[in-house]
Amino acid sequence: MFGIARRGLRLMTGLVLGAGMAVAELPFVVLSALSLLLVLAWPRGRRAVLKPVTAGARALTESNRRRLSLYVLVDTADVYAGHRALQYLALRWTLGLLSALVMCAALLGAAYGSAWIFILSFSAVRYPGNLLLSTVGGLFLLFLSLQGASGVVGLETKLARYHLGPSRQEELERRIEQLAATRAGVIAAVHDERRRIERDLHDGVQQRLVALGMLLGRALRSQDERRANQLLHQAHEESSLALTELREVAWRVYPTVLDEAGLRAALETVAERSAIPVRLDYRLVAEPESDVATVAYFVICEAVTNAVKHSDAGRITVRVSPGEDAVLVRIEDDGLGGADIAGSGLFGLARRVAALDGRFRVDSPAGGPTTITAELPCA
């Protein structure tokens, strides 16, 4: 519900800004058309006029591109011809005026639809039938204006895509490049995981088992029963440590609790095992898909591990919340900051998130705090 409200508020903000921009676009289009008509038969003059006109059109078009990207979530091509910008603005101002009409209708509908609250609070109702009709009419007008706003957003999107691109072919090429890069990243991430597991087994479990074998060998060769018992006791302790390290390696490869009890239980285990206090704010109502839950778990686990090792933080906050067709993950610590996104740990996390077509961002100024966010698309 809150996600729908945020989306509606964002779209309304984009339409209001678009309506305001029409105030500059309409005079620009009229003056540009008159200027070009005056020099239509004069090639040199046409070139002299066309240059500033094209520059102005690009400036206004770039403002619209930023507005669409921030509030309507529509991405257009970075490179486009100057005449395409002029064609775009020649039609865009009409949508700006239409947005203004839709917003005025929405305000009028909201005013009539909520007027009964103030009338009942401050005066006696003499004509309840008229009040009921005006309220219903206002709410109906508000409903129609919201539908109209959705239609204007659709027209804005189609107009920008048609004149500024990218074309369908360009979108397919961009998607192919993205999938190729993601595939290469996944393969590299798998190789990195294999090397990490091999290193953990070699430097940890293998060394413990070697020590265990040496202790047992010394115990077998010992002629002193008391010394042999001491060595066997040390071997038993070493076997316990080896078993603990083996469980740690298995946990880092894939925690079984993620399948058995879900993402929340797995994250609670991460919080319990952390050497720094971790506050877990889990807001998901339903269990996410398996691949989304796995990536969310490893992002949080690696981020917490990095904070414990390098940040000198006193507290870590982990938030998992629903977004618009996505799971939003946010990890923040109050440490020293200065995390390197190019480092192997964070770079590996970025590749994991990219494999799901997600977004990964690290904000870690010197002095802290460090904030890691991941947006994981899901159905």
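Please read all numbers here as calculations on a predicted model, not as lab measurements.

### Here we look at the overall build of the protein
For the protein, the count of helices and strands is 10 helices and 5 strands. The globule rule puts the C-alpha radius of gyration for 379 residues at 21 Å, and the 31 Å found for the protein is more than 25% above it. Each principal axis of the C-alpha atoms in the protein carries an extent, and together these give about 110 × 75 × 35 Å. Scored against the burial criterion, the 379 residues of the protein give a buried share of 34%. When contacts within the protein are restricted to residue pairs at least 6 apart in sequence, those whose partners lie at least 24 apart make up 70%. Only carbon and sulfur atoms are counted for the fraction: they give 62% of the accessible area of the protein, which is about 22,800 Å². Charge centroids of the protein, computed over 43 positive and 39 negative side chains, lie 9 Å from each other.

### Focus: the pattern of salt bridges
Pairing between side chains becomes possible if they bear opposite charge and their charged atoms approach one another. Enumeration according to the criterion identifies 8 salt bridges in this entry. A salt bridge links Arg 67 to Glu 156, with the shortest nitrogen-to-oxygen separation between them at 3.3 Å. Residue Arg 67 is found in helix α2 (residues 43–72), and its partner Glu 156 is found in helix α4 (residues 128–164); the two are separated by 89 residues along the sequence. Of the residues examined, Glu 156 reaches a relative accessible area of 1% and is grouped as buried. In the salt-bridge network here, residues are joined through shared partners; they are Glu 25, Arg 67, Arg 92 and Glu 156.

### Some remarks on the packing of aromatic side chains
Considering all chains together, one arrives at 1 aromatic pair under this definition. With centroids separated by 5.2 Å and ring planes inclined at 75°, the aromatic side chains of Tyr 297 and Phe 298 adopt a geometry described as edge-to-face. Summarising the burial analysis for this pair, Tyr 297 and Phe 298 share the class buried. Across from the ring centre of Tyr 162, 5.8 Å away, lies the NZ or CZ of Arg 84, which sits over that ring. Its guanidinium or amino end placed over the ring of Phe 298, Arg 352 lies 4.3 Å from that ring's centre, counting from NZ or CZ.

### Observations concerning the nonpolar core
Counting 39 residues, the largest nonpolar core has Leu 263, Tyr 297, Val 299, Val 329, Ile 331 and Leu 376 as the members making the most contacts within it. Of all the secondary-structure elements, those providing two or more residues to this core are α7 (256–260), α8 (263–273), β1 (278–282), α9 (290–311), β2 (316–322), β3 (326–333), α10 (344–355) and β5 (370–377). Residue contributions to this core peak at 12 residues, all from α9. The contacts of Val 329, once residues within four sequence positions are left out, are Ala 296, Val 299, Ile 300, Arg 319, Ile 372, Thr 373, Ala 374 and Leu 376.

Calculation notes
- What you see as residue numbers is a count from 1 along each chain, following the sequence as written.
- Totals for whole chains, interfaces and linings use all residues, but because this is a predicted model, local features are given only for residues with pLDDT of at least 70 and pairs of side-chain atoms are given and counted only at 80 or more.
- Side-chain figures throughout are based on the complete set of non-hydrogen atoms in the structure, without hydrogens or water.
- Strands are runs of DSSP state E lasting at least two residues, helices are runs of H or I lasting at least four, and both sets are numbered from the N terminus onward.
- Atoms considered for the radius of gyration are the C-alpha atoms alone. The globule rule reads 2.2 Å times the number of residues to the power 0.38.
- Partly exposed residues are those whose accessible area sits between 20% and 50% of the maximum for their type, while under 20% is buried and over 50% is exposed, using a 1.4 Å probe and protein chains only.
- Contact between two residues is taken to exist if any of their heavy atoms lie within 4.5 Å; hydrogens are not considered.
- Using a 1.4 Å probe, accessible areas were evaluated by the Shrake-Rupley method; residue-level cover was limited to the displayed protein chains.
- Positive residues here are Lys and Arg, negative ones are Asp and Glu, while His and the chain termini are left out of the count.
- By convention, the charge on Lys lies at NZ, on Arg at CZ, on Asp at CG and on Glu at CD.
- Note on definitions: salt bridges are taken to be side-chain nitrogens of Lys or Arg within 4 Å of carboxyl oxygens of Asp or Glu.
- Stacked, edge-to-face and tilted labels apply to pairs of Phe, Tyr and Trp rings (six-membered ring for Trp) whose centres lie within 6.5 Å, assigned for plane angles under 30 degrees, over 60, and everything in between, in that order.
- When the NZ atom of lysine or the CZ atom of arginine is within 6 Å of a ring's centre and also within 35 degrees of its normal, the charge is said to sit over that ring.
- Here the nonpolar core consists of buried residues drawn from Ala, Val, Leu, Ile, Met, Phe, Trp, Tyr and Cys, with membership extended through side-chain atoms lying within 4.5 Å.

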